[in-house]
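Summary of structural features
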Amino acid sequence: MIPDTTSGTDRREYWDAMKLGEFADILPLSGSIAGETTISGLASDSRRVNAGDLFFALQGSKADGAAYAADAAGRGAVAIIARPGTVGDVGVPVIEADDPRHVLALASARLYGAQPATMVAVTGTSGKTSVAAFTRQIWEKAGLAAASIGTTGVVAPGRDEYGELTTPDPVSLHKLLRELADAGVTHASMEASSHGLDQRRLDGVKLAAGGFTNLGRDHMDYHPTVEHYHQSKMRLFKTLLPKGAPAVIFADDPWSEPTEKVALAAGLQLLTVGRRGTFLTIKRVEHERHRQRTEIEHEGMIYDIMLPLAGDFQVGNALVAAGLAISTGLPADKAVAALEHLKGASGRLELTGTTEDGAQIYVDYAHKPDALENVLQAVRPFTTGRVIVVFGCGGDRDPGKRPIMGEIARRLADVVIVTDDNPRSEVPAEIRRAILEAVPEATEIGDRREAIRTAVAMLNSGDTLIVAGKGHEIGQEIAGTKLPFSDHEEVRRALKERTA
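Note that the structure is predicted; figures quoted are calculated from it, not measured.

Some details on the overall build of the chain
- Regarding its fold elements, the chain presents 16 helices and 25 strands.
- Here the C-alpha radius of gyration of the chain, 24 Å, is about what a compact globule of 500 residues would show, namely 23 Å.
- Dimensions of the chain, computed from C-alpha atoms along their principal axes, come out at roughly 75 × 55 × 40 Å.
- Residues counted as buried form 59% of the 500 residues belonging to the chain.
- Within the chain, counting contacts between residues at least 6 apart in sequence, those at least 24 apart form 67% of the total.
- Here the chain contributes 55 positive and 67 negative side-chain charges, whose respective centroids are spaced 1 Å apart.

Rendered as structure tokens:
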């Protein structure tokens, strides 16, 4: 049986039986197969195949679905979709496709049919979750039925579900999009991760616009180079957006210019935002503790708004979201005015607690170098005392970022506590040791609960504490087991202990 690759099966919930021939524009089919074969579902995990399913033999990073085609056939798959030459006689038709992942995405869209009329996607290293959430909130403020899909889950009218995948697999995604459309959602924003784009998960989504936030080191366990990582993200602009569609790009990042060139070469409408942006231009920002007074220029008009979020990077995220909303039909004055009502996404520089003498504690998802640097820089302007950070690095992920993040913490924080993140299958002490090479003066406390308790106990008036790395997550993966754990809850417990 194939280990989990992308999607499992979904039984017929939204469609009448479809003939394989209805996929003739997607797959190379013979007449007899196309006319006689009825499809009742899609699957890419042989363990989840049910009678009537079309099985997609996908090549994963750890296993090849072609090796489990016979198992899928034995469970009732009516046909197998596989790369040329990878599957022999398994007793059911084998249809060869150069890119089965792409076909799965298109087939999922065909099978489920409806999706919200206006769909936008945002890519980049940091800020995707915030931009997707902000775009939804801007639409909601304008009275539109809107949803957001991403790392923190799905939020829509009457629906708020926790999630873990930045970009869901195609079957799950199109099932969700159909549910949203049937519930009356007309506008939806979603994150487009490099994995999701590289693995064709969004290829069946009808996008009206796309956004780009920034690019930094991330997922180097999957991508061989940063350039490859960037190119994977550029599929959003090169392949998925129709010609002439808006590409809203944050203009102040080192990777902004290469991204702008890709968008222009793809024939998209380039709309840049930021200090160097020409569509939405930041003219002035005054930082306060929980908010920022910001002047924004759009088409000769100056808007003076109070953004209720901390951190310079959140101004950029807010403008990408506003750009997506404006470029898909919302009047600029409504979009910009809505920025004054934004609420930060869960675990994104989220104020989680305050001590009795005013020291503030933030939980942030920063688990990569650029994100950690951004959040530590964001709190410095309003911190009159010490900046204290608690963080670690995940196991089974890019080991090269560990000393980089240690150096950033050493440079930008006054007190550093190195702890465990999600060690996964690695030895936690080895991960911490790699971080400590760059910040030897840090305090090492492997138990994350104890690390947070120690940091909260040492807070004085004027200090700011950042608990970084896990953000919205409600579990900690250690040695293959996911244990309940929430940075938010641990901060609250530590504050109670402090005042007990």
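A closer look at helix H15 (residues 448–457)
- Among all positions in H15, only Arg448, Ala451, Ile452, Ala455 and Val456 are buried. Along H15, the residues classed as buried sweep out an arc of 130° about the axis, all on the same side.
- Looking at the packing, one finds that the buried side of H15 touches strand S19 (360–364), strand S20 (387–391), strand S21 (415–418), strand S23 (464–468), strand S24 (475–478) and helix H16 (487–499).
- For H15, the side-chain oxygen to backbone nitrogen distance between the N-cap and Arg449 is 2.9 Å, and the N-cap itself is Asp447.

Some thoughts on the packing of H15 against H16
- Between H15 and H16, whose axes approach to 9 Å, the crossing angle comes to 45°. Classified by the angle between their axes, H15 and H16 sit oblique to one another. Note on packing geometry: the crossing formed by H15 with H16 is right-handed. Two secondary-structure elements touch here, H15 through Arg448, Arg449, Ile452, Arg453, Val456 and Ala457 and H16 through Asp487, Glu490, Val491, Arg493, Ala494, Leu495, Glu497 and Arg498.
- Its residues placed into classes, the contact of H15 with H16 shows six nonpolar, no polar and eight charged.

Describing the nonpolar core
- Residues Ile138, Val273, Leu280, Val320, Leu339 and Leu342 are the most contacted members of the largest nonpolar core, which totals 37 residues.
- Those elements that place two or more of their residues in this core are strand S7 (118–123), helix H4 (128–141), strand S13 (246–250), strand S14 (269–274), strand S15 (280–287), strand S17 (301–307), helix H10 (312–327) and helix H11 (332–338).
- The dominant element in this core, judged by the number of residues it contributes, is H10, at nine residues.
- Discounting chain neighbours no more than four positions away, the residues touching Leu342 are Phe134, Gln137, Ile138, Leu307, Pro308, Leu309 and Ala318.
- With 33 residues, the next largest nonpolar core counts Ala121, Ala188, Leu207 and Tyr229 among its residues.

Considering the pairing of S17
- Pairing geometry for strand S16 (residues 292–298) and S17, over seven bridges, is antiparallel. What sits directly across from Arg293, in S17, is Met306.
- Adjacent in sequence and paired antiparallel, S16 and S17 are bridged by two residues, among which Glu299 carries a positive phi angle near 50°.

Examining the sheet that holds S19
- Pairing in this open sheet of six strands is mixed, and the strands run S18-S19-S23-S20-S21-S22 from one edge to the other. One side of each edge strand has no neighbouring strand; the edge strands of this open sheet are strand S18 (350–354) and strand S22 (443–444).
- Looking at chain direction, S19 and S23 are connected through five bridges and run parallel. By the bridge assignment for S23, Ile361 is matched with Leu465.
- The strands that helix H13 (residues 401–412) touches are S20 and S21; relative to S20, the one it contacts most, it runs at about 160°.

Overview of helix H12 (residues 369–379)
- For H12, the complete set of buried residues consists of Pro369, Ala371, Leu372, Val375, Leu376, Ala378 and Val379.
- Along its buried surface, H12 packs onto H10, S19, S20, H13 and S23.

Description of the sheet that holds strand S3 (residues 41–43)
- Read across the sheet, four strands follow the order S3-S4-S5-S6 without closing on themselves; strand pairing throughout is parallel. Here the strands that pair on one side only, and so sit at the sheet edges, are S3 and strand S6 (94–96). If you compare each strand with its neighbour and ignore which way they point, the axes differ by 25° on average.
- In this sheet, strand S5 (residues 79–82) lies alongside strand S4 (residues 53–56) in parallel orientation, the contact comprising three bridges. Paired with Phe55 across the strands is Ile80, a residue of S5.
- Seen against the sheet, helix H3 (residues 100–112) touches S3, S4 and S5 and runs at an angle of roughly 155° to S3.

Notes on the pattern of salt bridges
- For the structure shown, the criterion picks out 39 salt bridges.
- Between Arg235 and Asp203 there is a salt bridge; the shortest N-O distance is 3.2 Å. Taken together, the residues Arg235 in helix H8 (residues 235–240) and Asp203 in the loop between helix H6 (194–198) and strand S12 (209–212) connect sequence positions 32 residues apart.
- You can call Arg235 buried: its relative accessible area is 13%.
- Overall, Asp203 belongs to the buried group, its relative accessible area being 10%.
- For Glu444, the salt bridge is made with Arg432, and the minimal N-O distance between the two is 2.8 Å. Note that Glu444 is positioned in strand S22 and Arg432 in helix H14 (residues 428–436), a separation of 12 residues in sequence.
- Residue classification places Glu444 among the partly exposed positions, given a relative accessible area of 42%.
- Each of the salt bridges in this network shares a partner with another, and the network as a whole consists of Arg159, Glu161, Lys175 and Glu179.

With respect to the side chain of Lys401
- Among the structural elements, Lys401 can be located in helix H13.
- Overall, the relative accessible area of 6% leaves Lys401 in the buried class.
- At a separation of 2.7 Å, a polar atom in the side chain of Lys401 contacts the main-chain carbonyl oxygen of His367.

Quick word on the packing of H12 against H13
- Interhelical geometry of H12 versus H13 gives an angle of 10° and a closest axis separation of 9 Å. As the angle between them shows, H12 and H13 are arranged roughly parallel. Contacts between H12 and H13 involve Pro369, Leu372, Glu373, Leu376 and Gln377 from the first element and Lys401, Ile404, Met405, Ile408, Ala409, Arg411 and Leu412 from the second.

Rules used in this analysis
- Residues numbered from 1 in each chain as written.
- Predicted model: local features only at pLDDT ≥ 70, side-chain atom pairs only at ≥ 80, totals over all residues.
- Heavy atoms only, no water.
- Helix = DSSP H or I, 4+ residues; strand = E, 2+ residues; numbered from the N terminus.
- Rg over C-alpha atoms; globule rule 2.2 N^0.38 Å.
- Buried < 20%, exposed > 50% of the residue type's maximum accessible area, 1.4 Å probe, protein only.
- Contact = heavy atoms within 4.5 Å.
- Lys, Arg positive; Asp, Glu negative; His and termini not counted.
- Charge placed at Lys NZ, Arg CZ, Asp CG, Glu CD.
- Arc of directions from axis to C-beta.
- Polar contact = N/O pair within 3.5 Å; in protein donor to acceptor, adjacent residues only side chain to side chain.
- Axes fitted to C-alpha atoms, helices over the stretch in contact; angles between N-to-C directions.
- Parallel < 35°, antiparallel > 145°, perpendicular 65-115°, else oblique.
- Left-handed = near helix turned anticlockwise from the far one by under 90°.
- Nonpolar A, V, L, I, M, F, W, Y, C, P; charged D, E, K, R; others polar.
- Core = buried A, V, L, I, M, F, W, Y, C linked by side-chain atoms within 4.5 Å.
- Pairing = 2+ DSSP bridges.
- Salt bridge = Lys/Arg side-chain N within 4 Å of Asp/Glu carboxyl O.

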